[in-house]
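Residue-level listing of the chains:
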Amino acid sequence: MRLHSLELTGFGPFRQTQRVDFDAFADDGLFLITGRTGAGKSSILDGVSFALYGTVPRYDGADRRLRSDHSALTDPTEVRLEFTVGDTRWRVTRAPDYDRPAKRGGGLTTEPARAELEERVGDGWVGRAAGPRDVGLALGELLGLGAQQFQQVILLAQNKFSRFLLAPGDERQGLLRALFGTRRFEQYRDELEQRRRDGQKRLDAASEHARTLLEVAERAVADAYADGHPSDDARSATGDVGARRSALLAATARSDYRVEQAITEREQADLAHRAAAAAHAALADRAQRGRERARARERLAQLEARAPEIDAERERRDLARAAGLLRAPIEGADRAAAAAQDATAAADAAMSVWVEAGGAASVDATGRIEQLSADLARAADAAELERVRDERRERRRSVERSHAEADATIAGLEARAAGIPAERATLDTLIGEARTVAARLDDLRRRTAELSVQREAAQEAIVWTRTHADAEAAHLAASEAAASAAAEVTRLLQRRLDGYAGELSAALADGEPCAVCGSLAHPQPASPTAEPVTDADLAGAEAVRDRTARAASAAADAARDARERRTEALSRAAGQDADTADAALARLHAETEAAEGAARDVDRLQAARAELDRAAVEAQADLAALRDRRAALAEDLAALRAEEERAEVVIDDARAGFSSVAARIAAGEAERERARRLRDARDRLRECEGARDAARADLDERLAVSPFDALDEARAALLTDAALGELDTLIAAYDADLAATRSRLLDLELAVLGEEVTDDELAASAEAAEHADQRRSAAIADLRDAEIAARRIRDLVQQADAAFAGVEDLADDTAVITRLADTVAGRAPNTMKMDLETFVLAAELEEIVVAANLRLSEMSSGRYTLRHSDARAARGRASGLGIEVLDAHTGRLRSPQSLSGGETFLASLALALGLGEVVTSRAGGIRLDTLFVDEGFGSLDPETLELAMRTLDELRAGGRVVGVISHVEAMKEQLPAQLVVEATPEGPSIILQDVAVST
């Protein structure tokens, strides 16, 4: 991380913007920040810390006086820092919250804290985060260091400088973790711990599962053998898992033996059941055949009784089939005769209609149709002209109306265009007047705001005047009380002194020396007082004096504050009183409202004038378009009138004596339709008479060769297809039933000859078969239960064995993971009680100590050497991160806290430089290109200071820039590159940057 520039505005002792260019010291590598005590040297580091973290090293408590006391109420407060992390340049701007004048209503309001983070992209800055919270999160990820860690390795402030050297192990661990990015080792530890817990959970679950399976298997044995003997061994071994598993294996063998016995019993029951069932089936079959023969005899008698009825139906069927061959000719002849009769009636009706309409009876219908069709075709065009006559006339009238409307619209537009210039002039006058009034709006608003502030100040001055009078009265009373109390103390002291002389004279004796002057003679001894002053009297009076003095001081402060506030309010009131200001404000509000109305009128009038100009342009365009349209309408009107005259001539010629062409066409079409009907009726009559004669001749020929003597006999024998189908079905079913019954009866007569079976014999056989079936069912159920029990016991025993085998494997794996997790976490068998991350950080700390000793040995002339300590820390703190100091003069190890101030400074400086070198050398670590050291050099003697400066000077080789804050004169002479902080006579400080101060 490298810092480039810092800007401070209204921050600490700096009121105006002060800029520090750190890049200007890149060539020197080492520069001095100097100035008188209190000028603000450390405020530069405060600005760096505030920009990055929103905090400063010197203000850990709630009182963070970041805003400059020299800033006016309207002055801003802001810090801006440019820096580079990796290859990216960043700029952070941050401001604290502070009070500023309110924009409305007077008084003060709090300007909230703000922050912004930007990234350099090309030639510009691109915002990446805004707001203190978001900027803090973004910088936390970007820098990788917290505020305290930053102050221990980069910003070595006055009260933070030796923090890393003197810090306990856990605090040192937090810093090293952030610098070297070793949190992954903590994650390794957590992951191993989680794996250990998960493995133990799996082991516990597997053990519980195995024990559960063992118990389930024992319950299965107990449930399967309620008689008790197969599970006796399992019950007797409930305390030993191995014995319980052996007992279950024995129960499994016994359950298999029981299955074998059940199989034998079922086979014997199956044989007995099959024999009994076969005997009963044979006997039942014989009894069934006897009953079936009786039913067959009865059925045959019934069928033979129906034979005459079936023969009659058979004869009726045969005649119907013969008549069916004549069905089509009979129906054809009937249809032809009916059609001829209908055609004769239609022809007579058509002739009657023709004659009634005035037609001749001997007319040639075909010739008349052709003549009428020709006449109608000639009249069709005239009929179309006649049909659209009204539409044509309406179109002509519409054009006439449009022409008249165009004339009227043109006249109106011409009149409107003529009046527009006068309206425009009127609007211009109104706009000018409104602008004059509206021009005072900003001045009126400004005067109103100023007068509002003055009125509020005048009202505030009234309040503070009363408050000041009360405070002055209280101050006078408190001062008088304080003076009286002080006088009382003085009076008591005087009395006490006077009393001392009386007390001493009471102890004098002639010939003995005086305790005060040593004289042996006492010519005028003082008389003791009547009321001596005790210590309690004096202490009480002094307490009253002190209390009244504090009250007087507080009253003086209150009076002074009220006087200052009254003066400040009168100053802001600018000589205005509240009543005068109220009257003036009322006038200003009225004038402001008038000006605001005029401003609105200006906008409205300008819009109206623009609308008027647009209307003028549109009127001219509309006039040109309307004149063109009127000319086109005149042409259309002339053409429509000529067309109408031509159509009337054609229509008059086509009417031919009728009221209209349509009437003439309707009469012709009606006559043609009557002629067509007469022609079609005559043609249909001829066709039907020919068909009738042919159908009758064919029927006579077919009837002559049929079994029927007359047509009526054939008609009577006809049956429908459905009735004929029913006869066929009835006769076929009867024949089939008769043949089957005779065949089945013959078979049964032969089968049951001499084999009659009684009901008692059949019942006895059924009972024997049922008993055998019950025995077989019981044997099957016993076998099923035995097999289920044996299979369940065997499966459970196998599952339990597999589960216990898995438990052993899990136990081995869990033991390995547990040992590894405990070792990495610093638990037994880890004798050092050091976790993995601490072990890694301890190795890094060893390298830091080695790098620090290279400089500390030189700066301390070989006396002091830092030693890394891996001793176990007390109270559960992080072990392995201790630092001790080896004193070569005594040969003993010392605690860093035992070093003197100067020795602590040297050790802390060496450690900070060693830390920076090791961190920078690590791949992926944080590169520390900028370092600050705030004070501490004043505690060094000249020789040691020279060694420390030589050490800092060696840092230039690494490209690092180191800023040193000190007021030591020797350092000013040794460091030509300086940043000087000076306090101006007015109070605020300024920064003078001179990178090449001449020595």
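Conventions we followed
- Residues numbered from 1 in each chain as written.
- Predicted model: local features only at pLDDT ≥ 70, side-chain atom pairs only at ≥ 80, totals over all residues.
- Heavy atoms only, no water.
- Helix = DSSP H or I, 4+ residues; strand = E, 2+ residues; numbered from the N terminus.
- Buried < 20%, exposed > 50% of the residue type's maximum accessible area, 1.4 Å probe, protein only.
- Contact = heavy atoms within 4.5 Å.
- Areas by Shrake-Rupley, 256 points an atom, 1.4 Å probe, with all protein chains shown as cover.
- Pairing = 2+ DSSP bridges.
- Axes fitted to C-alpha atoms, helices over the stretch in contact; angles between N-to-C directions.
- Core = buried A, V, L, I, M, F, W, Y, C linked by side-chain atoms within 4.5 Å.
- Salt bridge = Lys/Arg side-chain N within 4 Å of Asp/Glu carboxyl O.
- Parallel < 35°, antiparallel > 145°, perpendicular 65-115°, else oblique.
- Left-handed = near helix turned anticlockwise from the far one by under 90°.
- Nonpolar A, V, L, I, M, F, W, Y, C, P; charged D, E, K, R; others polar.
- Patch = residues over 30% accessible without salt bridge, like charges linked within 9 Å, V, L, I, M, F, W, Y side chains within 5 Å.
- Lys, Arg positive; Asp, Glu negative; His and termini not counted.
- Charge placed at Lys NZ, Arg CZ, Asp CG, Glu CD.

### Concerning the overall build of the protein chain
Piece 1. Regarding its fold elements, the protein chain presents 23 helices and 17 strands.
Piece 2. Burial statistics for the protein chain: of 999 residues in total, 37% are counted as buried.
Piece 3. Here the analysis covers contacts within the protein chain between residues at least 6 apart in sequence; of these, 74% occur between residues at least 24 apart.
Piece 4. As displayed, the protein chain offers around 55100 Å² of accessible surface, 51% of which is attributable to carbon and sulfur atoms.

### Comments concerning the side chain of Arg91
Piece 1. Along the chain, Arg91 turns up in strand β5 (residues 88–95).
Piece 2. Judged by relative accessible area, which is 14%, Arg91 ranks as buried.
Piece 3. Excluding its chain neighbours within four sequence positions, the residues that come into contact with Arg91 are Arg80, Leu81, Glu82, Glu116, Leu117, Glu118 and Trp125.

### As for the sheet that holds strand β11 (residues 864–869)
Piece 1. Strand order in the open sheet formed by three strands is β11-β12-β13, with antiparallel pairing between adjacent strands. The open sheet has two edge strands, β11 and β13 (892–894), and neither has a second partner. Averaged over neighbouring strand pairs, the angle between their axes works out to 40 degrees when direction is ignored.
Piece 2. For strand β12 (residues 882–887) and β13, the ladder comprises three bridges, and the chain directions are antiparallel. Across the sheet, Leu886 pairs through a bridge with Leu893, a residue of β13.

### Overview of the nonpolar core
Piece 1. Within the largest apolar cluster, 42 residues are counted, with the highest numbers of intra-cluster contacts made by Leu6, Leu52, Leu81, Phe83 and Val92.
Piece 2. Element by element, the count of residues in this core is highest for helix α1 (residues 41–53), at seven residues.
Piece 3. Not counting residues up to four positions away in its chain, the partners in contact with Phe83 are Met1, Arg2, Leu3, His4, Leu52, Thr88, Arg89, Trp90, Val92, Leu139, Leu142 and Leu143.

### Observations regarding the sheet that holds strand β1 (residues 2–9)
Piece 1. Here six strands make up an open sheet; going across it, the order is β2-β1-β4-β5-β8-β9 and the pairing antiparallel. Only two strands of the sheet have a single neighbouring strand rather than two, namely β2 (18–21) and β9 (124–130). The sheet shows a mean angle of 20 degrees between the axes of neighbouring strands, taken without regard to direction.
Piece 2. Two strands pair when backbone bridges link them, and β1 and β2 are joined in this way by four bridges, in the antiparallel orientation. Within β2, the residue paired with Leu8 across the bridge is Gln18.
Piece 3. Across the sheet, helix α2 (residues 132–143) is in contact with β4 (78–85), β5, β8 (114–121) and β9; its angle to β8 comes to roughly 45 degrees.

### Side note on the pattern of salt bridges
Piece 1. Tallied over the full model, the rule gives 36 salt bridges.
Piece 2. Salt-bridge contacts for Arg314 lead to Asp311; the nearest nitrogen and oxygen are separated by 2.9 Å. Taken together, the positions of Arg314 and Asp311, both in helix α9 (residues 307–324) and three residues apart, correspond to about one turn of that helix.
Piece 3. Exposure remark for Arg314: the relative accessible area of 23% places this residue in the partly exposed category.
Piece 4. We classify Asp311 as partly exposed; its relative accessible area is 45%.
Piece 5. Residue Arg863 pairs with Asp887 through a salt bridge whose shortest N-O separation is 3.0 Å. In this pair, Arg863 is assigned in the loop between α20 (836–859) and β11 and Asp887 in strand β12, connecting sequence segments 24 residues apart.
Piece 6. When its relative accessible area of 23% is taken as the criterion, Arg863 is described as partly exposed.

### Digging into the packing of helix α12 (residues 389–438) against helix α15 (residues 578–655)
Piece 1. Direction vectors running N to C along α12 and α15 enclose 165 degrees, while the axes themselves pass 6 Å from each other. In terms of axis orientation, α12 runs roughly antiparallel to α15. Our pair here, α12 against α15, has a crossing hand that is left-handed.
Piece 2. Grouping the constituent residues of the contact of α12 with α15 by class yields 31 nonpolar, five polar and 25 charged.

### Description of a negative patch on the surface
Piece 1. Negative charge collects at one region of the surface, where Glu808, Asp809, Asp812 and Asp813 lie side by side.
Piece 2. Within the secondary structure, Glu808 sits in helix α19 (residues 759–825).
Piece 3. Residue classification places Glu808 among the exposed positions, given a relative accessible area of 52%.

### Concerning the environment of Asp256
Piece 1. Tracing the sequence through the fold places Asp256 in helix α8 (residues 241–305).
Piece 2. For Asp256 and Arg794, which are 538 residues apart along the polypeptide, the C-alpha to C-alpha distance reads 9.4 Å.

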